[in-house]
Amino acid sequence: METVLILGATSDIGIAIAKKFAAQKYNIQLAARKAEQLVAIKSDIEIRYNVECTAHEFDAIHYHTHTSFFENLNPKPDITISIFGAMYEEDNAFDEWDLTQMMINVNYTGVVSILNIAAKFYTGRKKGTIIGISSVAGDRGRASKLIYGSSKAALSAYLDGLRNKCFKDNVHVMTVKPGFVYTRMTENLPLPKALTSTPDEVADIIYSAFKSKKNTIYIKWFWRYIMLIIKNIPEFQFKKMKL
Amino acid sequence: MKTKIANWGNYPVIESKEERFVFADQLDTLIKDQQPFIARGNGRCYGDASLSARTISTLKFDKVLSFNADAGFFECQSGITLDQILAVIVPKGWFLPVTPGTKFITIGGALASDVHGKNHHVDGSISNHVIEFDMVLASDEVVTCSPVNNSELFEATCGGMGLTGVITRVKFRLKKIETSLIRQKQVKAANLQELIELFDTYKDYTYSVAWIDCLKKGAHFGRSILILGEHATIAEVNENQRSNPLALPVNKQIVFPINMPGWVLNKFTVKAFNFLYYAKNLKKEINNIVSYEPFFYPLDKVLHWNRLYGKKGFVQYQFVLPLNARQGLVEIMNRISDEGLGSFLAVLKVFGKQESMISFPKEGYTLALDFPIRKGLLDFLDELDELVLKYNGRLYMSKDARMKPQMLTGGYPELEKFKSIIKRYNPDGKIRSVQSDRLLLTEIK
Ligand SMILES: Cc1cc2nc3c(=O)[nH]c(=O)nc-3n(C[C@H](O)[C@H](O)[C@H](O)COP(=O)(O)OP(=O)(O)OC[C@H]3O[C@@H](n4cnc5c(N)ncnc54)[C@H](O)[C@@H]3O)c2cc1C
């Protein structure tokens with residue numbers, strides 16, 4: 001049985017992905033900042049799906065612990081999925097450097113740090129899959145997603161590059177760009193129903209895209225076209241818009 | 001953000017801010033907030049018991065914590081549904097000790113209503129099988145309750161409609177099964193008298209329930225089908241079934257797509273339904289082996305069947321009368337039949353003995369009927385209430401959306417004790433529902 005490492009396993013999407021892979025008979029390694037929150041998720045997965053599941057403490061911004069974190073995983077995961085991210089109120093972040101820095105450090109620097117390590121391991125082994133969750137918000141910078149969007153833009157570019165770098169060593173890198181998702185992060189936002197997916201839908205789509213070795217996927221498919229349109233609005237026009 | 005919510009009967013509909021939690025510390029934060037709230041499971045109670053201007057949904061708090069497949073103990077968070085529990089336990093040879101007529105309820109909701117099943121006369125209600133549970137009080141203190149530990153709080157919580165606190169973890173005993181199949185017997189009764197006799201003849205069956213056609217008058221008054229069942233043993237099933245005796249049923253669900261206009265559900269459709277159901281079972285007696293799903297959950301196959309009653313919604317009226325009040329049963333059914341107020345579903349069951357503070361079941365006959373909301377209905381039900389009280393009966397709070405406070409007082413002799421416990425653990429009425437305000441269980445501020 002193959003093993004999946006899930007970084008950010010206490011998030012709604014993280015839990016849904018863990019369950020999806022466990023239901024397909026993968027062993028699961030859960031990693032999150034608050035490891036005590038993983039206890040119930042671990043027992044749930046083991047009992048429901050009869051697979052092995054372990055829990056690990058992982059903090060995205062404690063970069064110097066990442067090497068030993070990965071070294072301590074036994075067995076090493078065949079698939080590494082990075083889901084964690086931070087989203088603060090953009091206006092607050094604009095005013096407070098600490099929040100800005102935190103978003104960049106979690107969403108970009110933290111992911112790069114851990115995925116560099118995973119990628120080195122996989123290229124050495126000539127086998128492995130990395131799945132990174134970015135966002136449609138990274139496709140074009142907008143006022144309403146100033147810091148969050150730019151951190152995700154950097155992440156998307158990193159994942160593109162990583163895919164390019166690892167391809168020759170038989171390591172597959174998949175970029176996932178969700179649009180609106182019903183999660184704790186968004187529960188107080190009035191999201192348009194037709195454009196919004198549930199964490200379970202996200203997990204299903206990621207799993208089948210992983211199976212067919214897709215490169216970049218949008219959840220749901222029409223986000224690709226929505227973002228294509230947004231990307232193609234001329235800048236002289238775009239800068240005047242409220243987006 | 002407030003949205004419109006309603007429970008299974010689609011009546012009443014209210015505006016509510018629904019919040020949820022995945023981890024215990026998030027619940028803690030929600031409870032510390034001063035705004036009054038009520039816990040909400042899957043909204044399968046019919047009326048307003050889990051409705052409030054602020055609801056705390058348990059549905060994301062749904063993890064399995066432990067399962068001892070040798071001894072049959074199961075421990076889980078409160079928001080898991082029976083459906084999900086069955087998927088884990090049935091393949092290992094275990095079953096729920098008690099299950100209501102739908103598997104789409106949470107274990108927290110099951111306890112707060114102290115649900116009963118077709119086996120009440122032999123196994124009691126769900127609280128009889130609970131080893132312990134954890135609950136967070138209005139003060140955000142966590143307590144563990146069991147029949148011996150904090151026993152008063154345990155009793156007031158079982159059937160207490162969420163008013164004592166939020167149940168977070170439940171540990172309970174399971175029932176051993178050899179197969180996932182049911183050995184079913186269906187017996188036709190020509191009238192109520194015959195049905196009551198049949199209940200008596202077959203009282204040793206673990207599971208029993210009857211579907212009654214309440215619109216038939218005269219000699220066929222109370223024409224019905226008694227449905228009996230036992231968990232089938234390996235020896236009782238055929239070779240094919242024996243190869244995978246604990247198989248989970250294959251789910252083929254039909255979704256009822258839209259709210260039906262009110263006129264569809266008139267007297268004729270009800271009559272037609274009852275007739276069809278009856279005719280399908282033409283023989284006096286049918287014996288067969290069926291999967292547990294159609295046996296326990298015949299309605300779950302049609303997801304959202306509640307839409308059949310239209311936009312205005314419906315109420316379910318479920319009462320219990322003591323065994324010696326059979327005359328009351330006849331009188332009430334006569335009143336319904338005279339009124340011509342169709343009930344799509346009339347389900348009769350005999351309860352066994354039960355001593356409890358606020359749970360619904362007590363020894364006697366319990367009848368559950370659906371009434372689509374229409375003019376004059378609420379007055380008519382008030383009239384029925386008087387009959388129920390006259391015969392020493394009471395109503396099921398979990399199905400209620402409209403009774404008056406005196407109806408509750410009349411039916412539950414230990415109500416004052418229950419109220420005093422609520423006062424102690426929920427002194428400022430921080431935990432409250434539309435129902436608890438209506439029934440004066442919490443003081444309206
Ligand atoms: C088709 C159908 C058939 C049914 N058949 C039966 C039957 O045969 N026998 C029977 O007894 N009932 C039956 N019921 C009723 C149902 O079992 C109960 O109403 C049950 O309580 C619903 O659970 P829920 O999870 O949907 O909770 P909700 O409906 O959301 O809430 C019900 C009550 O439980 C409280 N509650 C929920 N979760 C918690 C918690 N974690 N802590 C504290 N309080 C909580 C709520 O405040 C509310 O008072 C049936 C319902 C339907 C729709």
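If you're wondering where the values come from, they're calculated on a predicted model, not measured in any experiment.

Asks: Please explain a nonpolar patch on the surface as it appears in this structure.
Replies: Together, Trp-221, Tyr-225 and Leu-228 of chain A make up a nonpolar patch on the protein surface, roughly 380 Å² of accessible area in all. Its place among the elements puts Tyr-225 of chain A in helix α8 (residues 222-232).

Asks: Explanation requested: the packing of helix α1 (residues 12-23) of chain A against helix α7 (residues 199-211) of chain A in the structure shown.
Replies: Relative orientation and spacing of two packed helices are given, respectively, by the angle between their axes and the distance between those axes. All names here are of chain A. Where α1 meets α7, the axes come as close as 8 Å, and the angle between the chain directions of the two elements is 50 degrees. Between α1 and α7, the crossing angle belongs to the class labelled oblique. For the pair α1 and α7, the sense of crossing is right-handed. Of the residues in α7, those touching α1 at Asp-12, Ile-13, Ala-16, Ile-17, Lys-20 and Phe-21 are Pro-199, Asp-200, Val-202, Ala-203, Asp-204, Ile-206, Tyr-207 and Phe-210. Taken together, the residues that form the contact of α1 with α7 break down as 10 nonpolar, no polar and 4 charged.

Asks: Help me out: how do you make sense of the UniProt feature "domain: FAD-binding PCMH-type" (unreviewed entry) in chain B in this one?
Replies: UniProt feature "domain: FAD-binding PCMH-type" (unreviewed entry): in the numbering of this structure it lies at residues 1-177 of chain B. Taken end to end, residues 1-177 of chain B is 19% helix and 29% strand, and its first and last C-alpha atoms sit 46 Å apart.

Asks: Explain the interface of chain A and chain B to me, please; I cannot follow it from the model alone.
Replies: Accessible area lost upon the coming together of the parts serves often as the stated size of an interface. Taken together, the contact between chain A and chain B spans 20 residues of the former and 17 residues of the latter. Contact between chain A and chain B buries roughly 1500 Å² in total, counting both sides, with carbon and sulfur atoms accounting for 53%. The largest per-residue losses of area from chain A upon contact with chain B belong to Ile-47, Arg-48 and Arg-184 of chain A, which jointly make up 35% of the total buried on that side. Linking chain A to chain B there are 3 salt bridges. The closest approach of N and O atoms between Arg-20 of chain B and Asp-12 of chain A, which form a salt bridge, is 3.2 Å. Between the two partners, chain A and chain B, sit 7 residue pairs in polar contact (both at pLDDT 80 or more). Going through the elements one at a time, α1 and α2 (38-49) of chain A are the ones with two or more residues in the side of chain A that touches chain B. Classifying every residue of the side of chain A that touches chain B gives 7 nonpolar, 6 polar and 7 charged.

Asks: Can you help me understand the sheet that holds strand β4 (residues 79-82) of chain A in this one?
Replies: Two orientations exist for strands paired in a sheet by backbone hydrogen bonds: parallel and antiparallel. Residue and element names in this part refer to chain A. Here 7 strands make up an open sheet; going across it, the order is β3-β2-β1-β4-β5-β6-β9 and the pairing parallel. Single-partner strands in this sheet number two, and they are β3 (53-57) and β9 (216-219). Between one strand axis and the next, the sheet turns by 15 degrees as a mean value, whatever way the strands run.

Asks: Looking at this structure, I do not really get the packing of aromatic side chains. What am I missing?
Replies: Counted according to the given criterion, the structure contains 30 aromatic pairs over all chains. Pairing Tyr-26 of chain A with Phe-210 of chain A gives two aromatic rings, centres 6.4 Å apart and planes at 70 degrees, and the pair type is edge-to-face. Linking Tyr-26 of chain A in the loop between α1 and β2 (27-32) with Phe-210 of chain A in helix α7, this pair joins segments that are 184 residues apart in sequence. For the pair formed by Tyr-26 of chain A and Phe-210 of chain A, the shared burial category is buried. Taken together, Phe-95, Tyr-207, Tyr-292, Phe-295, Phe-296 and Tyr-297 of chain B form an aromatic cluster joined through their ring pairs. The ring of Phe-238 of chain A has Arg-140 of chain A lying over it, and the distance from NZ or CZ to the ring centre is 3.7 Å.

Asks: Could you clarify how one ought to interpret the site of the ligand in this entry?
Replies: Residue and element names in this part refer to chain B. For the ligand, the set of nearby residues contains 34 residues, the closest of which are Arg-44, Cys-45, Thr-106, Ser-113 and Ser-398. A distance of 3.1 Å separates an oxygen atom of the ligand from a polar atom in the backbone of Gly-101. Gly-109 has a polar backbone atom sitting 2.8 Å from an oxygen atom of the ligand. Going through the elements one at a time, β3 (38-40), α3 (107-112) and β10 (166-173) are the ones with two or more residues in the shell around the ligand. Along the lines of polarity and charge, the residues of the shell around the ligand split into 15 nonpolar, 16 polar and 3 charged.

Asks: Would you mind showing me how to read unusual backbone geometry here?
Replies: Residues Asn-74 of chain A and Pro-75 of chain A are joined by a peptide bond in cis, for which omega reads 0 degrees. With respect to the helices, strands and loops of the structure, Pro-75 of chain A is situated in the loop between α3 (66-71) and β4. Backbone torsion omega between Tyr-11 of chain B and Pro-12 of chain B reads -5 degrees, so that peptide bond is classified as cis. At Lys-213 of chain A, a residue that is not glycine, the phi angle is positive and equals roughly 55 degrees. Checked against the element boundaries, Lys-213 of chain A lands in the loop between α7 and β9.

Asks: Sorry if this is basic, but what is going on with the pairing of strand β12 (residues 181-189) of chain B here?
Replies: The side chains of a regular strand alternate, first on one face of the sheet and then on the other. All names here are of chain B. Most of β12 sits out of view: 8 of its 9 residues are buried. Bridge count between β12 and strand β16 (residues 285-291): 7 bridges; the pairing is antiparallel. For Lys-185, the partnering residue across the bridge sits in β16 and is Asn-287.

Asks: Got a minute to help me understand a negative patch on the surface in this structure?
Replies: Residue and element names in this part refer to chain A. Together, Glu-89, Asp-91, Asp-95, Glu-96 and Asp-98 make up a negatively charged patch on the protein surface. Mapped onto the elements, Glu-89 comes out in the loop between β4 and α4 (90-95). Residue classification places Glu-89 among the exposed positions, given a relative accessible area of 54%.

Asks: Is there a simple way to think about the environment of Leu-181 of chain B in this case?
Replies: Residue and element names in this part refer to chain B. Within the fold, Leu-181 resides in strand β12. Taking C-alpha positions, Leu-181 is 38 Å from Glu-331, a pair spaced 150 residues apart along the chain. Not counting the four nearest positions on each side in its chain, Leu-181 is found in contact with Glu-230, His-231, Ala-232, Val-237, Gln-241, Ile-289, Val-290 and Ser-291.

Asks: When you look at the packing of helix α10 (residues 326-339) of chain B against helix α11 (residues 377-390) of chain B in this model, what are you seeing that I'm missing?
Replies: Residue and element names in this part refer to chain B. Across the interface, α10 lies against α11 with an axial gap of 10 Å and an inter-helix angle of 165 degrees. Comparing the axis directions of α10 and α11 gives the class roughly antiparallel. Note that α10 runs across α11; the crossing there is right-handed. Here Glu-331, Ile-332, Arg-335, Ile-336 and Glu-339 of α10 lie close against α11, whose contacting residues are Phe-380, Glu-383, Leu-384, Leu-387, Val-388 and Lys-390. Each residue belonging to the contact of α10 with α11 can be placed in one class, and the counts come to 6 nonpolar, no polar and 5 charged.

Asks: Is there a simple way to think about the nonpolar core in this case?
Replies: Burial of nonpolar side chains together is a common tendency in soluble globular proteins. Core analysis: the biggest nonpolar cluster contains 124 residues, and Phe-74, Ile-85, Ile-89, Phe-133, Phe-172, Phe-319 and Phe-371 of chain B have the highest contact counts within it. Top element by residues in this core is α11 of chain B. It accounts for 6 residues. Filtering out sequence-adjacent residues up to four positions away, Ile-85 of chain B remains in contact with Phe-74, Cys-76, Ile-80, Leu-96, Ile-107 and Phe-172 of chain B. Counting 38 residues, the second largest nonpolar core, distinct from the first, contains Val-4, Ala-32, Ile-79 and Ala-203 of chain A.

Asks: Explanation requested: the sheet that holds strand β14 (residues 224-231) of chain B in the structure shown.
Replies: Residue and element names in this part refer to chain B. In spatial order, the strands read β16-β12-β14-β13-β19-β20-β18-β21; together these 8 strands make up an open sheet with antiparallel pairing. Edge strands, defined here as strands with exactly one partner in the open sheet, are β16 and β21 (394-395). Alignment of β12 against β14, held across 8 bridges, turns out to be antiparallel. When the sheet's bridge partners are listed, Lys-185 is paired in β14 with Leu-228.

Quick notes on the rules
- Residues numbered from 1 in each chain as written.
- Chains lettered and ligands numbered in written order.
- Predicted model: local features only at pLDDT ≥ 70, side-chain atom pairs only at ≥ 80, totals over all residues.
- Heavy atoms only, no water.
- Patch = residues over 30% accessible without salt bridge, like charges linked within 9 Å, V, L, I, M, F, W, Y side chains within 5 Å.
- Areas by Shrake-Rupley, 256 points an atom, 1.4 Å probe, with all protein chains shown as cover.
- Salt bridge = Lys/Arg side-chain N within 4 Å of Asp/Glu carboxyl O.
- Helix = DSSP H or I, 4+ residues; strand = E, 2+ residues; numbered from the N terminus.
- Axes fitted to C-alpha atoms, helices over the stretch in contact; angles between N-to-C directions.
- Parallel < 35°, antiparallel > 145°, perpendicular 65-115°, else oblique.
- Left-handed = near helix turned anticlockwise from the far one by under 90°.
- Contact = heavy atoms within 4.5 Å.
- Nonpolar A, V, L, I, M, F, W, Y, C, P; charged D, E, K, R; others polar.
- UniProt positions renumbered as here; feature names shortened; annotations may be inferred.
- Buried area = accessible area lost by both parts, 1.4 Å probe.
- Polar contact = N/O pair within 3.5 Å; in protein donor to acceptor, adjacent residues only side chain to side chain.
- Pairing = 2+ DSSP bridges.
- Phe/Tyr/Trp six-rings, centres within 6.5 Å; stacked < 30°, edge-to-face > 60°.
- Buried < 20%, exposed > 50% of the residue type's maximum accessible area, 1.4 Å probe, protein only.
- Lys NZ or Arg CZ within 6 Å of the ring centre and 35° of its normal.
- Near = heavy atom within 4 Å.
- Lys, Arg positive; Asp, Glu negative; His and termini not counted.
- Charge placed at Lys NZ, Arg CZ, Asp CG, Glu CD.
- Core = buried A, V, L, I, M, F, W, Y, C linked by side-chain atoms within 4.5 Å.

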